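Chain by chain, the residues run as shown.
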Amino acid sequence: MPKIIQPPVAKIIPKKMEKFGDERIDNYFWLNDRKNPEVIDYLNKENAYYKKMTAHTKAFQKELFEEMKARIKEDDESVPYLYNGYYYITRFETGKNYPIYSRKKGSLSAKEEIMFDCNKMAKGHSYFQLGGLSISPDNKLAIFSIDVVGRRIYNIQVKNLETGGILSDKIEKVSGNAVWANDNQTVFYSSQDEVTLRSDKIFKHKLGTKQTDDVLVYFEKNETYNVEVAKSKSRKYLAIESGSTLTTEYRILEADNPDGKFRVFQKRIRGLEYSINHYGDSFYIMTNADKATNFKLMKTLETATSKENWTEVVPHREDVLLEDIEIFKDFLVIEERTNGLNKIRIMPWSGTGEYYLPFDSETYTAYTSTNVDFDTDILRYSYQSMTTPSSVIDFNMKTKTKEIKKEQQVLGGKFDKNNYTEERIWATAKDGTKIPISMVYRKGLNKNGKNPLLLYAYGSYGHSMDATFSSTRLTLLDRGFMFAIAHIRGGEDLGRQWYEDGKLLKKKNTFTDFIDCSKHVIEQKYTSAEHLYAEGGSAGGLLMGVIVNLAPELYHGIIAQVPFVDVMTTMLDESIPLTTGEYDEWGNPNVKKYYNYMRSYSPYDNVKKQSYPNMYVSTGLHDSQVQYWEPAKWVAKLRHLKTDNSVLFLDTNMAAGHGGASGRFEAIKELAKEYSFLLDLEKIEK
């Protein structure tokens with residue numbers, strides 16, 4: 001590390017906050033104002049400090065970036081899929097940051113029609129995101145939406161795909177979610193509350209009219225719900241989904257009748273979750289009804305959709321999580337998860353001859369891909385593992401033969417999957433629960449406690465962290481790093497109960513599971529506290545914030561990306577985007593038992609005078625999900641209280657939001673910063 005440069009010091013302006021007789025003093029609340037020049041000045045000073053402190057790694061960062069970029073096939077394209085008479089393709093060109101969306105009519109040898117070249121559209125913008133693509137049923141028009149700030153606030157427009165012209169219609173400051181009715185004239189879209197950014201309204205827009213003339217079709221009053229609109233794979237129905245963490249409700253309308261009235265599919269019952277798929281004269285419903293914790297599949301006629309009419313197709317199983325379904329003319333395909341691993345089950349409608357796709361790796365990920373056609377025997381799915389690059393496979397469900405349509409290329413001529421080992425080990429949590437850990441590393445590493453190991457986790461919202469391949473990760477593995485994913489509670493890796501046991505008043509299981517996984521890899525001599533690193537982003541950044549308060553001695557370095565660390569202030573502020581919708585995940589701190597529980601682990605509120613590991617904290621000024629001031633305040637408080645000489649960096653992207661920089665190469669530059677942070681701490685240069 002270079003000679004010590006004095007870090008910026010945020011001024012202290014105490015703000016007293018009191019609830020249930022508990023007084024909290026927030027010395028850095030003033031940072032919660034991105035329009036205040038002093039706030040911007042402080043963030044710029046932190047950025048300057050980070051740059052000065054890492055100036056000696058600048059060339060190394062460039063080297064890492066070029067190395068990672070060199071493995072990526074720059075002139076790459078997706079496997080084409082056929083939809084409504086056209087083959088659709090997404091491709092990249094050499095040296096360009098953004099995708100090009102194109103199509104070919106009827107045949108792959110037909111002339112290419114470029115629908116959207118995002119490289120041209122992104123010119124002049126430091127951030128660019130294209131979303132909400134939807135092609136009209138007659139194939140002539142395309143809805144598209146653009147976000148140029150990173151706050152997930154989009155403007156929707158319509159392009160004439162025959163002339164290339166943009167229609168006069170412009171729908172501004174909305175969520176970007178939009179679909180066509182079958183008349184090629186009517187568009188349904190969702191819009192957000194201006195303050196909280198909660199998706200709360202569905203509007204109907206007729207081509208050629210102004211946004212002010214759009215008709216409000218549905219308003220979701222409940223602040224814990226979000227809404228979106230979609231179209232069924234059968235193209236017969238439009239559906240409005242209202243969803244909270246625990247409850248769902250759908251409204252449906254025939255897509256041929258856009259001026260009709262949406263009707264409730266099954267009215268909301270707190271705790272009842274369901275999703276719908278239309279086929280023939282029926283709907284297929286994935287639901288947790290009747291205490292089906294891991295979900296079951298049911299069916300009902302489209303003329304009688306309420307719950308009392310549902311009949312069972314696939315029963316609930318204690319040890320199998322039902323994750324998704326895909327419907328074809330002759331087959332029902334079910335995605336399941338057993339013992340933490342994906343399974344794909346093929347069930348002929350004839351009722352005989354069901355089977356599972358065979359997967360033999362110890363840690364892998366498999367999931368159905370783009371399947372937009374009913375009348376086909378071909379299932380498209382993706383497969384990868386921590387040592388096997390991603391493949392897109394077309395599987396004939398009748399003949400049981402497969403064709404690999406594409407395998408991710410790792411350029412550079414040095415990658416051989418046989419040089420790496422992947423394994424799954426199990427740590428024991430403090431309550432006796434076995435926690436799986438997926439690992440990958442170069443063959444030949446000795447378990448002598450000296451290997452650097454990066455342990456990654458998320459652990460919230462029932463989001464499972466699958467064991468996937470990463471070509472950029474090779475940059476760490478080839479320098480002697482081990483990489484591991486801790487499948488901690490709060491995710492859904494081992495079924496729905498795994499999620500239930502890591503939220504609300506059981507949230508601390510998420511944190512102690514990660515600490516127990518950390519202790520396990522140290523005890524098993526994969527690594528040691530001098531060489532163990534931890535990483536997490538967003539809610540995984542909350543995890544990072546908790547573990548450095550509880551067990552800082554276990555880690556040499558921490559990467560916290562857009563970390564949700566000021567739990568109390570954020571969850572008590574109902575004007576902040578996402579807050580009220582999060583009550584079923586974290587609890588409502590306006591209720592005393594939840595307030596006390598959250599107060600006991602909230603990272604920002606529990607920073608104390610002690611030694612902390614080396615830390616790299618990143619955020620985006622325009623983040624709409626975890627506001628920039630959370631990591632900024634956290635870093636300021638850590639600087640004030642920590643008793644060590646470890647480095648602490650706050651790196652704010654002044655032009656991006658929650659997902660970081662836009663563009664494939666810009667994202668790799670951010671990764672190069674993280675990797676150089678780790679490798680510099682390990683004194684690994686080449």
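Located above this text is the structure these notes cover.
Residues numbered from 1 in each chain as written. Predicted model: local features only at pLDDT ≥ 70, side-chain atom pairs only at ≥ 80, totals over all residues. Heavy atoms only, no water.

Ordered by their spatial adjacency, eight strands build an open sheet running β31-β32-β34-β33-β35-β36-β37-β38, and the pairing between neighbours is mixed. At either margin of the open sheet sits one strand with a lone partner, and together these are β31 (420–428) and β38 (648–653). The average angle at which neighbouring strand axes cross in this sheet is 20°, direction not considered. Pairing between strand β35 (residues 532–537) and strand β36 (residues 557–561): five bridges, direction parallel. Along β36, the bridge assignment pairs glutamate 535 with isoleucine 559. Set on the sheet, helix α1 (residues 37–53) makes contact with β37 (614–620) and β38; between it and β38 the angle comes to about 120°. (Pairing = 2+ DSSP bridges. Helix = DSSP H or I, 4+ residues; strand = E, 2+ residues; numbered from the N terminus. Axes fitted to C-alpha atoms, helices over the stretch in contact; angles between N-to-C directions. Contact = heavy atoms within 4.5 Å.)

As enumerated under the stated definition, the model contains 36 aromatic pairs in all. On the numbers, 4.9 Å between centres and 50° between planes, the contact of phenylalanine 116 with phenylalanine 144 is tilted. Of this pair, phenylalanine 116 sits in strand β6 (residues 112–117) while phenylalanine 144 sits in strand β8 (residues 141–147), and the two are 28 residues apart along the sequence. Each of the two residues, phenylalanine 116 as well as phenylalanine 144, counts as buried. Measuring from centroid to centroid gives 5.4 Å for phenylalanine 415 and phenylalanine 469, while their planes differ by 65°, and the two rings are edge-to-face. Residue phenylalanine 415 is located in the loop between β30 (401–407) and β31, and its partner phenylalanine 469 is located in the loop between β33 (453–456) and α4 (474–477); the two are separated by 54 residues in the primary sequence. These aromatic residues form a ring-pair network of at least three members: Tyr237, Tyr250, Phe265, Tyr274, Phe283 and Trp310. Over the face of the ring belonging to tryptophan 30 we find lysine 11, whose NZ or CZ atom lies 5.3 Å from the ring centre. Seen from the ring of tyrosine 597, lysine 508 lies directly overhead, with NZ or CZ sitting 4.9 Å from the centre. (Phe/Tyr/Trp six-rings, centres within 6.5 Å; stacked < 30°, edge-to-face > 60°. Buried < 20%, exposed > 50% of the residue type's maximum accessible area, 1.4 Å probe, protein only. Lys NZ or Arg CZ within 6 Å of the ring centre and 35° of its normal.)

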